[in-house]
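# Survey of secondary and tertiary structure
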Amino acid sequence: MDDESADERIVVNMGPQHPSTHGVLRLILELEGETVTEARCGIGYLHTGIEKNMEYRSWVQGVTFCTRMDYLSPFYNEMTYVLGVERLLDIEDQIPEKAQVMRVLLMELNRISSHLVCIATGGMEIGALTVMTIGFRERELVLDLFELITGLRMNHAFIRPGGVAQDLPPGALDEIRSFIALMKKRLPEYADLCNANPIFKARLEGVGHLDLAGCLALGITGPVLRSTGYPWDLRKTQPYSGYETYDFDVQTWDTADSYGRFRVRLAEMWESLKIIEQAAERLAKLDGAPVMVADKKIAWPSQLAIGSDGMGNSLDHIRHIMGESMEALIHHFKLVTEGFRVPAGQAYVPIESPRGELGAHVVSDGGTRPFRAHFRDPSFTNLQATSVMSEGGMVADVIVAIASIDPVMGGVDR
């Protein structure tokens, strides 16, 4: 490169407070005119320290921390961690069927809400405001279901070692069924607005190209990998929680670009609806079944009866705990304050999150707290593709490429 052309190149910071970088992501771009000659990611602006904090809490409290990592798919963070803990406890085959079905139901609802945010924000960033407004409109319906089932819109800490925190509330299945019926009417709107829209296609087709060899070299998973035509989905290839018993298909596209990733996510929402429908049918037959492992040395009291004011335990429940025996009360106190012990060892159980392979490497030294918990977050790995997707393209296409990766910085900076 001669000195003259070097003078014409400028280095620009895009972010970390940029509305189109999907959270606090800093991009260091070297530009020659409008063309990007070099793109680097600057991460670490969220610095939550979640993994380190987990070493100072009990095994059950760990769920409360990791649910906050990738805040758009909290149930997946909880799930991979809990599966690791259950493997160390050697209770994988003791988890009640109802708990497993509820986990699958919540995860697939979460996949829909996460993909909706991806499509909505990606649309907003290229000026498709209608896509944004309807995306958040539908996501609100999913969050209403989360609130009904877990009591919270996000940061649920609902999936626990041994099962789930509590049973489905009355009327939940009816709400889920009406949601399925409504989504079947609403999802085609995205296809009508985007699939064959010439402006939308012109903005996405051929942008952020990354082929199968590139994905494999960088360890990239999820919709970015499936947009190359490779049907890799852990729900099919390494099933967990009974996914092998559900009828659904792995969605792929063959263009390996931003448009393909959009189409994969759109198709995956239909598949998630199919799984939710099957899960709801199963739950209808499991009315009154347990949702927590039978071993009282692990199970938190999941028969929590809420007081008449809607807060705290009911007096009957407190009488039940305190009136049975002194030993039961002591045991309850120890279980809640100290937590249970987990045999020494380590486990890694990956799951298919909306963004790709999410796994927790959980290490125990035999105590009541994790010795180490380290997450393989797909957003962190997938961000490596930024430079490959952006270099040689225009500045405006950097936005599209990042949106098609769908990184969530809470997961990157955990």
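Placed above this text is the structure.
We now turn to the structure provided with this report. Every value quoted in this text rests on a predicted model; they were computed, and no experiment measured them.

Turning our eyes to something else, we now look at unusual backbone geometry. Non-glycine residue His-47 carries a positive phi angle of around 25°. In this structure, His-47 sits in the loop between strand E3 (35-42) and helix H2 (50-54). Although it is not a glycine, Asp-406 adopts a positive phi angle of roughly 60°. Tracing the chain through its elements places Asp-406 in the loop between helix H17 (395-405) and helix H18 (409-412).

On to the pattern of salt bridges. In this structure the tally under the stated criterion is 27 salt bridges. For Glu-277, the salt bridge is made with Lys-184, and the minimal N-O distance between the two is 3.1 Å. Remark: Lys-184 occurs in helix H7 (residues 172-195) and Glu-277 occurs in helix H12 (residues 258-285); sequence separation between them is 93 residues. By relative accessible area, which is 35% here, Lys-184 ends up partly exposed. The salt bridge partner of Arg-226 is Glu-268, with a shortest N-O separation of 2.6 Å. Remark: Glu-268 occurs in helix H12 and Arg-226 occurs in helix H10 (residues 223-226); sequence separation between them is 42 residues. Within the structure, one salt-bridge network assembled from shared partners comprises Glu-108, Arg-111, Asp-233 and Arg-235.

Right, let's get into the environment of Tyr-348. Within the secondary structure layout, Tyr-348 lies in strand E6 (residues 345-348). The spatial distance from the C-alpha of Tyr-348 to the C-alpha of Leu-89 is 13 Å, given a sequence separation of 259 residues. When residues no more than four places from it in sequence are discounted, the contact partners of Tyr-348 are Arg-87, Glu-357, Gly-359, Ala-360, His-361 and Arg-376. Of note is the side chain of Tyr-348, whose polar atom sits 2.7 Å from the side chain of Glu-357.

As a packed pair, H7 and H12 sit with axes 10 Å apart at the nearest point and diverge in direction by 165°. As judged from the angle between their axes, H7 and H12 are roughly antiparallel. Where H7 crosses over H12, the two elements pack in a sense that is left-handed.

Let's shift gears to the pairing of strand E9 (residues 372-376). Only one face of E9 is covered, namely the one carrying Ala-373 and Phe-375; the face carrying Arg-372, His-374 and Arg-376 has none of its residues buried. Sheet topology places strand E8 (residues 356-364) next to E9; 5 bridges connect them, and they run antiparallel. From the neighbouring strand, His-361 faces E9, where its bridge partner is His-374.

A few words now on a nonpolar patch on the surface. A contiguous nonpolar patch, built from Leu-212, Leu-216 and Tyr-230 and spanning about 260 Å² of accessible area, is present on the exposed surface. Mapped onto the elements, Leu-216 comes out in helix H9 (residues 212-218).

The next point concerns H17. Among the 11 residues in H17, 9 count as buried, and that is most of the element. Along H17, the residues that are buried comprise Val-395, Val-398, Ile-399, Val-400, Ala-401, Ile-402, Ala-403, Ser-404 and Ile-405.

Our focus in this paragraph is the packing of aromatic side chains. Under the definition given, this model contains 8 aromatic pairs. Ring centres of Phe-75 and Phe-146 lie 4.9 Å apart, and the angle between their planes is 70°; on these two criteria the pair is classed as edge-to-face. Taken together, the residues span a long stretch of sequence, with Phe-75 in helix H4 (residues 74-89) and Phe-146 in helix H6 (residues 129-150) at a distance of 71 residues. You can call Phe-75 buried: its relative accessible area is 0%. A relative accessible area of 1% places Phe-146 in the buried class. Ring geometry for Trp-253 versus Tyr-259: centroids 6.3 Å apart, planes at 75°, classification edge-to-face. For Tyr-259, a relative accessible area of 3% translates into the label buried. Grouped by ring-pair contacts, the aromatic residues Phe-200, Trp-253, Tyr-259 and Phe-262 constitute a single cluster.

Conventions adopted
- All residue numbers refer to positions counted from 1 along the written sequence of the respective chain.
- The predicted origin of the model limits local features to residues at a pLDDT of at least 70 and limits the giving and counting of side-chain atom pairs to 80 or more, whereas totals for whole chains, interfaces and linings rest on all residues.
- Side-chain numbers come from the whole structure's heavy atoms, not from hydrogens or water.
- Working definition: helices are DSSP H or I runs of at least four residues, strands are E runs of at least two. Numbering for both runs from the N terminus.
- Basic side-chain nitrogens of Lys or Arg form a salt bridge, by our definition, when they fall within 4 Å of a carboxyl oxygen of Asp or Glu.
- Three labels apply to residues, based on accessible area from a 1.4 Å probe with only protein chains included: buried if under 20% of the type maximum, exposed if over 50%, partly exposed otherwise in between.
- Residue contacts are defined here by distance: any two heavy atoms, one from each residue, within 4.5 Å place the two residues in contact.
- In the analysis that follows, any N or O atom pair within 3.5 Å is treated as a polar contact, provided that within protein one partner can donate a hydrogen and the other can accept it, and provided that, for residues neighboring in sequence, both atoms belong to side chains.
- Interaxial angle, 0 to 180 degrees, is taken between N-to-C directions of lines fitted to C-alpha atoms, where a helix line uses only the stretch in contact.
- Should an angle lie under 35 degrees it is considered roughly parallel, over 145 roughly antiparallel, and from 65 to 115 roughly perpendicular; all remaining angles are considered oblique.
- For any helix crossing, the convention is left-handed if the near helix is rotated counterclockwise from the far helix by under a right angle, and right-handed if that rotation is clockwise.
- DSSP bridges decide pairing: two strands pair if at least two such bridges lie between them.
- Patch membership requires over 30% relative accessible area and the absence of a salt bridge. Like charges are linked within 9 Å, and nonpolar side chains (Val, Leu, Ile, Met, Phe, Trp, Tyr) within 5 Å.
- With residues, only the protein chains shown are counted as cover, and all accessible areas are computed by Shrake-Rupley using a 1.4 Å probe.
- Between the rings of Phe, Tyr and Trp (Trp by its six-membered ring), a pair exists once the centres lie within 6.5 Å; its type follows the angle of the planes, with under 30 degrees stacked, over 60 edge-to-face, and the other angles tilted.

Scope: geometric values only; no functional claims are made or implied.
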